[in-house]
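Coordinates in review
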Amino acid sequence: MAVDVLLGLQWGDEGKGKIVDVLTREYDIIARFQGGPNAGHTLEFENIKHVLHTIPSGIFHQGIKNLVGNGVVIDPIIFKKEVEALKGYGVNVNESLLISRKAHLILPSHRILDAASEASKGKNKIGSTLKGIGPTYMDKTGRNGLRVGDIELDDFEQRYNALLDKHRQILSHYEYSDYNLDSMEAEWMEAVDYLRSLNLIDSEHYINEAMKSGKSILAEGAQGSLLDIDFGSYPFVTSSTTMCAGSCTGLGIAPNRIQEVFGIFKAYCTRVGSGPFPTELDNEVGELLRKNGHEFGATTGRPRRCGWLDLPALKYAIDINGVTQLIMMKSDVLSGFETLQVCVGYEYKGTKIDHLPYSIDEGLVKPIYKELAGWSEDITQLEHYDEAPQSLKDYVEFLQQELGVPITILSVGPNRNQTIRIEKHATA
Ligand code: GDP
Ligand code: IMO
Ligand code: MG
C-alpha cells in the first residue's frame, strides 16, 4: 500500500503531533522521517498533555507500530527519558516502538558544539534549540557520524572516541568552556546501553516489506517547510529536509509510493528562534495571539513570535511538497477578532509580487493584506462544520480558493476531540 505524508507548512509547531494522533487509527505504521529532539509534538487527551520529541505521535494507540526512521537524529539521553515516561502511561514500547539502525546519534559533544557555534554568532545566532541537531547532521553529511547500528558493534567505543577527538579539535577553535563533558558522557553511555535493549531494526527493509504486505503508513514530519535546509529562510533553518522529499530519504521509500500529502498550518503564523518573518506583529495584536494561542515552545518554553497568515509563503510550501489536503489548526484562537488580515502578496523592491522571493529579510518585503471579517463565537465546542460561524466558513473558503487545495480538517482546540472534518468539496 501507499504512504501518506503529514508535514508542517510554516515555521514548525503547526500542531502535527495532535493531528497524527487523530489520524493514527487509519494506519498500521506511523514513521518519523527527520529532525530529532528539537521537535516538540503535543498531544492532549483524557486531560493529559504529552510532549513527544523523537518518538512518533501514534505511540498512544495500541496495535500500531511507531518507527523512528533513518533520517532522524537521536539523543539517547532524551530518548531514554521519553521512553520511560511512556512506560509510566502503560505504553508497551517493546511491542510498538521500532528504531532504525541507520538513524544518527547525537553525542554530548554535538550539543556542546551547537552551543559554542551559537555563542560565537552573537546577535546573528540561529536561535537553535541547542539539542545538537546542526553538528550531528554535519557529521552525517561529512561522513563522520555515529549511527544507532554502531552501538551493536564491538568497536563502538573506539568509534565514539575517534569522533570525540575530532570534536575536541573543533572546540579548541571556539572560546567556549561552559560545559562538563565527563558528567554528560557518563549519562550518555548509560542511555546508549538502554537504547541497545530496544527494537533496533533495518527499517528500510521493514517498511518496504510492510508496504508489499498491504500495510498503510503515515510519515510524520518535524519542523516545517520554512525551516527546510534547502527551501527555508536560510540560514535561519534547521539542518534537515523537512519537506515531503525528506520522507523518501528519511525512511527509504520511493517517491512513487507517496499518495496523500497532508499540509498543516495554523490559521495565523508563528515562529520561534531568529530569522525573517514578514507578517510578524510586534505589537498588542501579536501579544493577543500569543496569549490566546498559548504560544510558548513545547521544547524550549521560549515565547513564539506571532503574526498574520502569509499566503505567498503557504503557496510556496504547498508547491514544493505537492500538498493534496490542507489542515487548518488553532482556528479557535482567532475568535474575538473583529477583523482578520491575510497577507496576499508583498511589496518588493518597488513592485507588487505574489510569490516568495529569494530573500524575505526585514525591510525587503512589505506584506500586502486583505481584510476579512472575524467571528466572535467561541468555537471550541463545535462538532460539525455546518454549524460554524459564517465568517469562519468565509475564511476557510477564501483560503481554499487562493491556495487551490481543499481544507479537509479544522482544529478548534488542543484536545484530540476538538477536530472537525470538512467534506472535500464543501462550500460555505
Ligand atoms: P507540533 O510541533 O506541530 O506538533 O506543534 P506543537 O505541539 O509544538 O504546538 C502546537 C500547540 O498548539 C500545542 O500546545 C497544542 O496542544 C496546541 N494546539 C493544537 N491544535 C490546537 C487548536 O486547534 N487550538 C488550540 N487552541 N491549540 C491547539
Ligand atoms: P516541531 O517539530 C519550531 C527552530 C529553532 C531555530 C531553528 C534551528 O515541534 O515543529 P535547531 O535546533 O534545529 O538547530 O534550530 O529551527 N526549530 C523549530 N521551531 N518547531 C520545531 O519543531 C523546531 N525545531 C527547530 O527554534 O529557529
Ligand atoms: Mg512543536
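Residues numbered from 1 in each chain as written. Chains lettered and ligands numbered in written order. Predicted model: local features only at pLDDT ≥ 70, side-chain atom pairs only at ≥ 80, totals over all residues. Heavy atoms only, no water.

1. Digging into the coordination of the magnesium ion (ligand 3)
For clarity, the threshold we go by: Donor criterion used throughout: N, O or S atom within 2.8 Å of the metal, extended to 3.2 Å for Na, K and Ca. Water excluded; incomplete-looking sites may result. Counting from the N terminus, the helices are DSSP H or I runs at least four residues long and the strands are E runs at least two residues long. A 1.4 Å probe rolled over the protein chains alone gives each residue an accessible area, and that area as a share of the maximum for its type sets the label: buried under 20%, exposed over 50%, partly exposed in between.
In this structure, D13 (OD) and G40 (O) serve as the protein donors to the magnesium ion (ligand 3), at separations of 2.1 to 2.2 Å. Separated by 27 residues along the polypeptide, D13 in the loop between β1 (3–8) and α1 (16–23) and G40 in the loop between β2 (29–32) and β3 (41–45) bring together distant segments of the chain. D13 gets classed as partly exposed once you look at its relative accessible area, which sits at 21%.

2. Digging into the site of ligand 1
Short version of the rule: We define proximity as follows: a residue is near a molecule or strand when any one of its heavy atoms falls within 4 Å of that partner. Definition of a polar contact: a pair of N or O atoms within 3.5 Å, with one able to donate and the other able to accept a hydrogen when the atoms are protein atoms, and with sequence-neighbouring residues admitted only if both atoms are side-chain atoms. Each accessible area is a Shrake-Rupley result for a 1.4 Å probe, and residues are judged covered by the shown protein chains and nothing else. A 1.4 Å probe that fits but cannot get out identifies a cavity on a 1 Å grid over protein atoms alone, an open set with protein on both sides within 12 Å along at least five of seven lines counts as a pocket, and a residue lines either if it has an atom within 4 Å of a point. To qualify as sitting in a cavity or pocket, a molecule needs more than half of its atoms within 2 Å of the grid points. Under the convention adopted here, Pro, Cys and the residues Ala, Val, Leu, Ile, Met, Phe, Trp and Tyr are nonpolar, Asp, Glu, Lys and Arg are charged, and Gly plus all remaining residues are polar.
The full set close to ligand 1 counts 20 residues, and G15, K16, T42, D332 and S411 are the nearest of them. In this structure, D13 approaches ligand 1 through a side-chain N or O atom, which is 2.9 Å from an oxygen atom. In the environment of ligand 1, an oxygen atom lies 2.7 Å from a nitrogen or oxygen atom belonging to the backbone of K16. Burial of ligand 1 by the protein amounts to 94% of the accessible area it has alone, namely 580 Å². Because more than half of its atoms lie within 2 Å of the grid, ligand 1 is assigned to the second largest pocket. Counting only elements with at least two residues in the shell around ligand 1, the list comes to α1 and β3. When grouped by side-chain class, the residues that make up the shell around ligand 1 number five nonpolar, seven polar and eight charged.

3. A short note on the site of ligand 2
In the vicinity of ligand 2 lie 21 residues, with D13, K16, H41, T129 and T238 positioned nearest. When atoms are counted within 2 Å of each cavity's grid points, the one that captures over half of ligand 2 is the largest pocket. Split by residue class, the shell around ligand 2 holds eight nonpolar, 10 polar and three charged.

4. Section: the pairing of strand β5 (residues 65–68)
Under the convention used in this document: One requirement defines pairing of two strands: DSSP has to find at least two bridges between them.
Inspection of the sheet shows β2 paired to β5 by four bridges, in the parallel sense. Paired with A31 across the two strands is L67, which belongs to β5. Bridge analysis of β5 against strand β7 (residues 97–100) gives three bridges, and the strand direction is parallel. Counted as the bridge partner of N66 is L97 from β7.

5. Section: the sheet that holds β7
Across the sheet, which stays open at both edges, the 10 strands sit in the order β9-β7-β5-β2-β10-β1-β11-β15-β19-β20 with mixed pairing between neighbours. Looking along the sheet, the strands with just one partner apiece sit at the ends: β9 (200–201) and β20 (419–421). Note that β7 and β9 share two bridges and pair parallel. The residue bridging I99 from the neighbouring strand is L200, located in β9.

6. Remarks on the layout of surface pockets
Heads up, the rule is: Grid points are joined across faces, edges and corners, and a volume is the space filled by probe spheres set on the points.
The volume enclosed by the largest pocket comes to roughly 1,000 Å³. Of all the elements in the fold, those that place two or more residues in the lining of the largest pocket are α4 (108–121), α5 (133–141) and α6 (156–171). In terms of residue count, the dominant contributor to the lining of the largest pocket is α5 (eight residues). Tallied by class, residues from the lining of the largest pocket come to 18 nonpolar, 21 polar and 10 charged. If you add up the space inside the second largest pocket, you get close to 600 Å³.

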